[in-house]
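Chain by chain, the residues:
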Amino acid sequence: MPGGKTKFNRSWLVKLDNNGNSIGDWCVQDSSNEFAAYCFVCSKSISCANNCLYQVINHADGAKHKQCIKEKKTQKLLFVAKPTSSTSTSTQGGGDVGKSVYLQPLAHTEQVAKAEALWALNVAATGMSYTSCDGLPVLFRAMFPGQVSADFTMSKFKISYLIFDGIGPS
Ligand SMILES: [Zn+2]
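Described in the following lines is the structure provided in the data block. (Residues numbered from 1 in each chain as written. Predicted model: local features only at pLDDT ≥ 70, side-chain atom pairs only at ≥ 80, totals over all residues. Heavy atoms only, no water.)

## Here we look at the packing of aromatic side chains
Part 1 of the argument: In the structure shown here, the tally under the stated rule is six aromatic pairs.
Part 2 of the argument: Taken together, the ring pairs in this structure connect Trp119, Phe140, Phe144 and Phe152 into an aromatic cluster.
Part 3 of the argument: The lysine or arginine in question, Lys156, covers the ring of Phe157, its NZ or CZ lying 5.4 Å from the ring centre. (Phe/Tyr/Trp six-rings, centres within 6.5 Å; stacked < 30°, edge-to-face > 60°. Lys NZ or Arg CZ within 6 Å of the ring centre and 35° of its normal.)

## A word on the coordination of the zinc ion
Part 1 of the argument: The coordination sphere of the zinc ion contains the protein donors Cys39 (SG), Cys42 (SG), His59 (NE2) and His65 (ND1), at a distance range of 2.0 to 2.3 Å.
Part 2 of the argument: Viewed at the metal, the four donor atoms of the zinc ion are separated by angles of 103 to 116°, and the geometry they form is tetrahedral.
Part 3 of the argument: Sequence positions of the donors to the zinc ion reduce to the motif C-x2-C-x16-H-x5-H. Within this pair, whereas Cys39 is found in strand β2 (residues 36–39), its partner His65 is found in helix α2 (residues 63–74), the two being separated by 26 residues in sequence. Neither Cys39 nor His65 differs from the other in exposure class; each is buried. (Donors = N, O, S within 2.8 Å, 3.2 Å for Na, K, Ca; no water. Tetrahedral: all angles 85-135°; square planar, octahedral: opposite > 155°, others 65-115°. Helix = DSSP H or I, 4+ residues; strand = E, 2+ residues; numbered from the N terminus. Buried < 20%, exposed > 50% of the residue type's maximum accessible area, 1.4 Å probe, protein only.)

Everything listed is a geometric property; what it means functionally is a separate question.
Right under this line is the structure:
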């Protein structure tokens, strides 16, 4: 194992798998393991300990993954009906209220994650269709050229994952 473990790298998310999908359409970093990716279409962690990108792309070649993608594509992911709650934005995390807040410039990956999270909140708040998120990264890159839009990934699978597993009730 030359060089030891390789960490998950967000730059993979804009690469295409062998099915022609952006990896970011179905994959995020495993939140519990920086050396693993997580396929939210199959709900499966993908170890990246060696030759990571290859392992992620290899996962997309699997019959099970292709079947999951196919099933998700035929599912009707239409509208999110989410009751608005005026308290939901301020209570999360808690505990640090009252401390001084230092405004630090966000690291690049955090800026990208923030953009994706803001978009997910926007979709949840306005009830936009998940399908409208397909093609969004290309649109945003054309509208807002820059490093954040270059690494921004979104798809109907990802928005579903973000809303239900990211900001939804757990
Ligand atoms: Zn998968």
